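Listed below are the residues making up each chain.
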Amino acid sequence: MNEMSTVNKADETQTSRPQPKPGVLDIAPYVPGKSKGSHGKTVHKLSSNETPLGSSTAAKAAIEAVAQNLELYPDGAANELRNAIGEIYGLNPDRIICGAGSDEVLSLLAYGYLAPGDEAIYSQHGFVVYDIAIRAAGATPVVAPEKDLTTDVDAILERVTDKTKMVFIANPNNPTGTYLPFEEVRRLHQGLPPHVLLVLDAAYAEYVRRNDYESGVELAATSDNVFMTRTFSKIYGLANLRVGWGFGPAHVIDALNRIRGPFNLNGMAIAAGTAAVRDRDFVNKSIEHNEKWLPFVTEELEKLGLKVTPSVGNFVLVHFPDEDGKRAKDADAYLLERGCVLRMVANYGLPNSIRMTIGSEDANRTVIGHLKDFLGQN
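Because the structure is a prediction, the values reported are computed rather than measured. (Residues numbered from 1 in each chain as written. Predicted model: local features only at pLDDT ≥ 70, side-chain atom pairs only at ≥ 80, totals over all residues. Heavy atoms only, no water.)

(A) Structural context of the nonpolar core. Counting 55 residues, the largest nonpolar core has Leu 81, Phe 232 and Trp 245 as the members making the most contacts within it. A per-element tally of this core places helix α10 (residues 267-278) first, with five residues. If we ignore the near neighbours within four places in the chain, the residues touching Phe 232 are Leu 81, Ile 85, Gly 237, Leu 238, Ala 239, Val 243, Trp 245, Gly 273, Ala 276 and Val 277. Counting 31 residues, the second largest nonpolar core, distinct from the first, contains Ala 110, Ala 170, Leu 256 and Val 345. (Core = buried A, V, L, I, M, F, W, Y, C linked by side-chain atoms within 4.5 Å. Buried < 20%, exposed > 50% of the residue type's maximum accessible area, 1.4 Å probe, protein only. Helix = DSSP H or I, 4+ residues; strand = E, 2+ residues; numbered from the N terminus. Contact = heavy atoms within 4.5 Å.)

Following this line, the structure appears as structure tokens:
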């Protein structure tokens, strides 16, 4: 086919079927972690930062109760869930919005505050949903380089222009597991123009045990341009139901409520989230499990000669040697053959690294044992 025929064919396609708006086809689709090992078998799934402790029995009971009335619409305002979150965290429920996972809340922020010609900044190895949401809103993503796989406040501030309307910060960050001390978050906020919305994504906040960390509740409560997002998918074990929430200024909540779907959370999600957030025993057990096994996994991997980025979340980022047969892709294939599913993070700009969720004792020990074999240390 000659060049003119190719052009004509492209023009014909443009007019013969509906076309997405400019920029949509430039978005790289989100690729979730694998669920199955090679040959379809899965022994241990450690690819999506899911809790190994399941979910609260109270949450499961709440789902069963809702299942008796599936013909009824849920509460469109998720009042029960917002009230429960407000009760546990000491927040005004009127300044809380709930979504189908924190992903939806992040997308609503982009749709509500970004337009073509605007820019939004996120860090080099930040959550890929930021890029997707920014582009879907028609705005331009601006990536700020990190320092030692950690968000760099100065790099972000250097990239603020008169087009900047939003900054996304994951704290702690996924997939690196690093975090910004709250004094650095405050310095970032103070350096931003008042019309720029600072979004603090605190999906892993419950796991952090550092004295210099704060999820962003206080800053979101006292500032007109700070918004915090959280999720029930991690420590609460409700990933299957898609439950998230956000807290921020009343004027931002008002804008988001105008564009969110009228019944964006189903009744089971509302009921389970309400029960889960009040089940503090379950949350504490999850924290205790992570406090025990995060340092164990880190130390054991380092004993194998692997570099592990210090993490405050429920996962570790493991870096492999740049040697034939020993790289991350080789380790991933080796583990998949044995039914252990971890997460390659090449799409985050880390082609020779694997993210490993902190799993059950058996899962943690099994993966470490396989990696020991893979590296020829048995």
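Read on for the rest.
(B) The arrangement of the pattern of salt bridges in detail. Applying the stated criterion across every chain, the model contains 15 salt bridges. Notably, a salt bridge pairs Arg 278 with Glu 87, separated by 2.9 Å at the nearest N-O pair. With Arg 278 in helix α10 and Glu 87 in helix α3 (residues 79-89), the pair connects residues that are 191 residues apart, well separated along the chain. Among the ionic pairs, Arg 186 bridges to Glu 218, the shortest N-O distance being 3.4 Å. Placement of Arg 186 in helix α7 (residues 182-191) and of Glu 218 in helix α8 (residues 217-222) is noted, with a sequence separation of 32 residues between them. Take Glu 218: its relative accessible area is 45%, and that puts it in the partly exposed class. Here the residues in one salt-bridge network are Asp 154, Glu 184 and Arg 187, joined through shared partners. (Salt bridge = Lys/Arg side-chain N within 4 Å of Asp/Glu carboxyl O.)

(C) Here's a closer look at the UniProt feature "modified residue: N6-(pyridoxal phosphate)lysine" (unreviewed entry) in the chain. According to UniProt, the "modified residue: N6-(pyridoxal phosphate)lysine" (unreviewed entry) feature falls on Lys 234. Inspection of the secondary structure assignment puts Lys 234 in the loop between β7 (226-231) and β8 (244-247). (UniProt positions renumbered as here; feature names shortened; annotations may be inferred.)

(D) Spatial organisation of the packing of helix α12 (residues 328-337) against helix α13 (residues 361-374). One can describe the packing of α12 onto α13 by two numbers: an axis separation of 10 Å at closest approach and a directional angle of 125°. Judged by the angle between their axes, α12 and α13 are oblique. The element α12 and its partner α13 pack so that their crossing is right-handed. For the pair α12 and α13, the contacting residues are Asp 330, Ala 331, Tyr 334 and Leu 335 in the first and Val 367, His 370, Leu 371, Asp 373 and Phe 374 in the second. Split into classes, the residues belonging to the contact of α12 with α13 amount to six nonpolar, one polar and two charged. (Axes fitted to C-alpha atoms, helices over the stretch in contact; angles between N-to-C directions. Parallel < 35°, antiparallel > 145°, perpendicular 65-115°, else oblique. Left-handed = near helix turned anticlockwise from the far one by under 90°. Nonpolar A, V, L, I, M, F, W, Y, C, P; charged D, E, K, R; others polar.)

(E) How the structure looks around the UniProt feature "domain: Aminotransferase class I/classII large" (unreviewed entry) in the chain. In this numbering, the UniProt entry assigns the feature "domain: Aminotransferase class I/classII large" (unreviewed entry) to residues 43-370. Taken end to end, residues 43-370 is 40% helix and 18% strand, and its first and last C-alpha atoms sit 12 Å apart.

(F) Molecular detail of the layout of surface pockets. In this structure, the second largest pocket occupies an estimated 260 Å³ of space. If you trace the second largest pocket, you find 14 residues lining it, with Val 66, Leu 72, Pro 74, Gly 267 and Met 268 closest to the centre. Mapped by element, the contributors of at least two residues to the lining of the second largest pocket are α2 (57-66) and α10. Here the lining of the second largest pocket gets four residues from one element, more than from any other, and that element is α10. Its residues assigned to classes, the lining of the second largest pocket shows nine nonpolar, three polar and two charged. (1 Å grid on protein atoms, 1.4 Å probe; cavity = no way out; pocket = protein on both sides within 12 Å on 5 of 7 lines; lining within 4 Å. Points joined across faces, edges and corners; volume = space filled by probe spheres on them.)

(G) Examining empty space enclosed by the protein more closely. Applying the stated rule across the entire model yields one cavity of 30 Å³ or more. Estimates place the volume of the largest cavity at around 30 Å³. In this structure, the largest cavity is lined by Thr 51, Pro 52, Tyr 207, Ser 286, His 289, Asn 290, Asn 314 and Ile 358. A class-by-class count of the residues in the lining of the largest cavity yields three nonpolar, five polar and no charged.

(H) View of α13. The end-to-end C-alpha separation of α13 is 20 Å, in line with the 20 Å expected for 14 residues at 1.5 Å each. Along α13, the positions that sit buried rather than exposed are Ala 363, Asn 364, Val 367, Ile 368, His 370, Leu 371 and Phe 374. All buried residues of α13 fall inside an arc of 160° around its axis, so they share one side. Turning to α13, the residues buried within the fold contact β1 (44-45), α11 (280-303), α12, β11 (340-341) and β13 (350-357). (Expected span 1.5 Å × (residues − 1). Arc of directions from axis to C-beta.)

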